[in-house]
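Structural features, examined
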Amino acid sequence: MNLEGLEMIAVLIVIVLFVKLLEQFGLIEAGLEDSVEDELEMATVRHRPEALELLEAQSKFTKKELQILYRGFKNECPSGVVNEETFKEIYSQFFPQGDSTTYAHFLFNAFDTDHNGAVSFEDFIKGLSILLRGTVQEKLNWAFNLYDINKDGYISKEEMLDIMKAIYDMMGKCTYPVLKEDAPRQHVETFFQKMDKNKDGVVTIDEFIESCQKDENIMRSMQLFENVI
């Protein structure tokens, strides 16, 4: 896998991972027999989700889709929340040949928007709604927030290097030909040559979105993951 291919992975991998997560939860083919309203009232969980109607208004899922998602989420996470260690364990199953720990950490922080150390069903739904049903602008905004590790509004070379190293670690031996040790840093340079329009050493949200929207491969791949449930 060459550097150009990994650049696309850097933007799209969160969507792929969540499709895998949905499959693991059995959410893509789940039935709709039960009433989630009864479940919300009777489930003995430590964290109770917001009213279904409110989540429906805040996301791009229908009530029936939310029923499916909640059932799967509750089955996998009886406490009603996912902590970071559980999050890492889930993703490690998808990449047994590599180490997904660091990338899962970055991804967890992107979902844990209030930084309380836990991802609730509401957090899960709001993020998933953007990744699977959001506009291109919304998806790219979400991806930018993931890569802006310190949340200062810019992606620095150091942040992108951390992301790239995490992706290489996660992919493990899947890349062919085997990439050199300095490949992550080379990729960062390629990334900045393409996206840092004014050459000031950082990538802004506008530069990021503009560059991605001009990449036909990224746009085509994003469309493939629309309406998977």
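Worth saying up front: this structure is predicted, and the values here are computed from it rather than measured.

Let's shift gears to the UniProt feature "domain: EF-hand" (unreviewed entry) in the chain. When the UniProt feature table is mapped onto this chain, "domain: EF-hand" (unreviewed entry) is found at residues 99-134, 135-170 and 183-218. In the segment residues 135-170, helix accounts for 72% and strand for 8%; the C-alpha atoms at its two ends are 27 Å apart. Annotated as residues 183-218, this span is 69% helix and 8% strand, and its ends, taken at the C-alpha atoms, are 21 Å apart.

Attention shifts here to unusual backbone geometry. Of note, the phi angle at His115 is positive, near 55 degrees, even though the residue is not glycine. Its location among the elements puts His115 in the loop between α6 (101-111) and β2 (118-120). For Lys151, which is not a glycine, the phi torsion comes out positive at approximately 60 degrees. Mapped onto the elements of the fold, Lys151 is located in the loop between α8 (136-147) and β3 (154-156). Using a relative accessible area of 36% as the deciding quantity, one classes Lys151 as partly exposed.

Bringing helix α9 (residues 157-171) into the picture now. Along its 15 residues, α9 runs 21 Å from first to last C-alpha, staying within 8% of the 21 Å computed at 1.5 Å per residue. Restricting attention to buried positions, one finds in α9 the residues Glu159, Met160, Leu161, Ile163, Met164, Ala166, Ile167, Tyr168, Met170 and Met171. Positioned one or two residues after α9, Gly172 has a phi angle of 60 degrees, which is positive.

The next subject is the environment of Asp112. Mapping Asp112 onto the fold places it in the loop between α6 and β2. Look past the residues within four positions of Asp112 in its chain and what remains in contact with it is Gly117, Ala118 and Val119.

What follows covers the packing of α8 against helix α11 (residues 205-213). Where α8 meets α11, the closest approach of the two axes is 10 Å, and the angle between their N-to-C directions is 125 degrees. Comparing their axes, α11 and α8 come out oblique. Along this stretch, α8 crosses α11, giving a crossing that reads as right-handed. Residues Val136, Gln137, Leu140, Asn141, Ala143, Phe144 and Tyr147 of α8 pack against Ile205, Phe208, Ile209, Cys212 and Gln213 of α11. A class-by-class count of the residues in the contact of α8 with α11 yields nine nonpolar, three polar and no charged.

Scoring rules and cut-offs
- Throughout this document, residue positions are counted from 1 along each chain, in the order its sequence is written.
- Predicted model: local features are reported for residues with pLDDT of at least 70 only, side-chain atom pairs are reported and counted for 80 or more only, and whole-chain, interface and lining totals are derived from all residues.
- Hydrogen atoms and water are omitted, and side-chain values are computed over all heavy atoms in the structure.
- UniProt positions are given in the numbering used here, feature names are shortened, and annotations may be inferred rather than shown by experiment.
- We count a stretch as a helix when DSSP gives it H or I for four or more residues in a row; a strand needs E for two or more, and each element gets its number in order from the N terminus.
- Relative accessible area decides the class of each residue, using a 1.4 Å probe on protein chains only: under 20% of the type maximum gives buried, over 50% gives exposed, and in between gives partly exposed.
- Here, expected helix span is obtained from the residue count minus one, scaled by 1.5 Å.
- By the convention used here, residues are in contact when the closest approach between their heavy atoms is within 4.5 Å.
- Every axis corresponds to a line fitted to the C-alpha atoms, with the helix fit spanning only the stretch in contact, and the corresponding angles, defined between N-to-C directions, vary from 0 to 180 degrees.
- When describing relative orientation, an angle under 35 degrees is termed roughly parallel and one over 145 degrees roughly antiparallel, while 65 to 115 degrees is termed roughly perpendicular and anything else oblique.
- Crossings are assigned a handedness: left-handed for a near helix turned anticlockwise from the far helix by less than a right angle, right-handed for a clockwise turn.
- Put simply, Ala, Val, Leu, Ile, Met, Phe, Trp, Tyr, Cys and Pro go in the nonpolar bin, Asp, Glu, Lys and Arg in the charged bin, and everything else, Gly too, in the polar bin.

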